[in-house]
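Structure at a glance
Listed here are the chains, written in short residue letters.
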Amino acid sequence: MALVPGTVSPTRKVPAHIARPEYVGRPAPAPYTGPEVQSAETVEKMRIAGGIAARAMEEAAKLIAPGVTTDELDAVAHAYMCDHGAYPSDLGYRGFPKSICTSINEVICHGIPDSTVLQDGDIVNIDATAYIHGVHGDLNATYPCGNVDEESELLVERTREALDRAIKAVKPGRQINVIGRVIESYAKRFGYGVVRDFTGHGINTSFHSGLIVPHYDSERATEVIKPGMTFTIEPMLTLGSYDYDIWEDGWTVVTKDRKRTAQFEHTLVVTADGAEILTLP
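Residues numbered from 1 in each chain as written. Predicted model: local features only at pLDDT ≥ 70, side-chain atom pairs only at ≥ 80, totals over all residues. Heavy atoms only, no water.

By the naming in an unreviewed UniProt entry, the protein chain is Methionine aminopeptidase, taken from Kitasatospora arboriphila. On record in UniProt, under Subunit (unreviewed entry), the comment for the protein chain is "Monomer." (UniProt positions renumbered as here; feature names shortened; annotations may be inferred.)

Structural data, given as structure tokens:
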């Protein structure tokens, strides 16, 4: 059965002492004009932000079970980030009303937590980003709810593997398109679609810096990877087409054929010989 929107609860409060990103209360963020290569100090701050986001995601994921609403997941992640001095980056970003994204089954990304009740056999993605010390840390993962069919289990497992393979492909001197080439070639082995219009991105003091990291082999992704660059890789694989529709809420992206999709994400910093994950719990 196809998903339908639920009821969105009132906006959750963030304690006044927690610093807000500059875009909160504004229709859009200010364009990022800084470098993609970050200082060691900024990277260390991102490691702190990434750790908080990762633990918030884990705490929310512990609740995943039939009968639980996605709004309950949001409440847990929101409380964890605030309790640890971080602002939930999603909250108020271009008007997004909640603190995490929860994307179920055919929802590719940007699902809004609401009164939707998780069902046995669902798969649900939690996307959490924390802002602290002036920087962001962003990750997501897809989880089973109850007893999940084998096709969905394999999709989730292989999407995680696609991310792992892409991270291993990151090397200074290579072009960004090596990431998408690795993901797409792996996904094609199983006949999966690879979502094109939603990508990885540069991240630092800016939630989205302007750097684009496609998950397919794009001829335009020719920027050379350099040590100190910070960005996300977040492949979205589908059981069918990568074409999509967007709900009237302006956020929720669903596969056009309503077949299932999975996603995994980490924030990375490029090192001298590879990449380090900054979003570990």
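Taking the numbering used here, the UniProt-annotated feature "binding site: a divalent metal cation 1" (unreviewed entry) corresponds to D127, D138 and E265. Spanning 139 residues, the named residues form one tight spatial group whose C-alpha atoms are at most 8.2 Å apart. With a relative accessible area of 12%, D127 lands in the buried category. With residues up to four places along the chain from it excluded, the contact list for D127 reads D90, I100, C101, D138, L139, N140, E234 and E265. (Buried < 20%, exposed > 50% of the residue type's maximum accessible area, 1.4 Å probe, protein only. Contact = heavy atoms within 4.5 Å.)

Taking strand neighbours across the sheet as the criterion, the 3 strands line up as β9-β14-β15 in an open arrangement whose pairing is antiparallel. This sheet does not close on itself; its edge strands, each paired only once, are β9 (230-233) and β15 (275-277). Sheet twist, expressed as the average angle between the axes of neighbouring strands with direction ignored, equals 40 degrees. (Pairing = 2+ DSSP bridges. Helix = DSSP H or I, 4+ residues; strand = E, 2+ residues; numbered from the N terminus. Axes fitted to C-alpha atoms, helices over the stretch in contact; angles between N-to-C directions.)

Taking 1.5 Å per residue as the helical rise, helix α3 (residues 150-169) with its 20 residues ought to reach 28 Å, and the 28 Å between its terminal C-alpha atoms agrees with that figure. Along α3, the residues that are buried comprise S152, L155, V156, R158, T159, A162, L163, A166, I167 and A169. N-capping of α3 is provided by D149, with a side-chain oxygen placed 3.1 Å from the backbone N of E151. (Expected span 1.5 Å × (residues − 1). Polar contact = N/O pair within 3.5 Å; in protein donor to acceptor, adjacent residues only side chain to side chain.)

Our focus in this paragraph is the sheet that holds strand β13 (residues 261-263). With respect to topology, 3 strands assemble into an open sheet ordered β6-β10-β13, the strand pairing being antiparallel. Each end of this open sheet is capped by a strand with a single partner; those strands are β6 (193-194) and β13. The sheet contact formed by strand β10 (residues 236-238) and β13 spans 3 bridges and is antiparallel. Each bridged residue has a counterpart across the sheet, and for T238 the counterpart in β13 is T261.

Right, let's get into the packing of α3 against helix α4 (residues 177-188). The contact between α3 and α4 brings their axes to 9 Å, and the two run at 150 degrees. The element α3 and its partner α4 pack so that their crossing is right-handed. On the side of α3, the interface is formed by R158, E161, A162, R165, A166 and A169, while α4 contributes V178, I179, V182, I183 and Y186. Split into classes, the residues belonging to the contact of α3 with α4 amount to 8 nonpolar, no polar and 3 charged. (Left-handed = near helix turned anticlockwise from the far one by under 90°. Nonpolar A, V, L, I, M, F, W, Y, C, P; charged D, E, K, R; others polar.)

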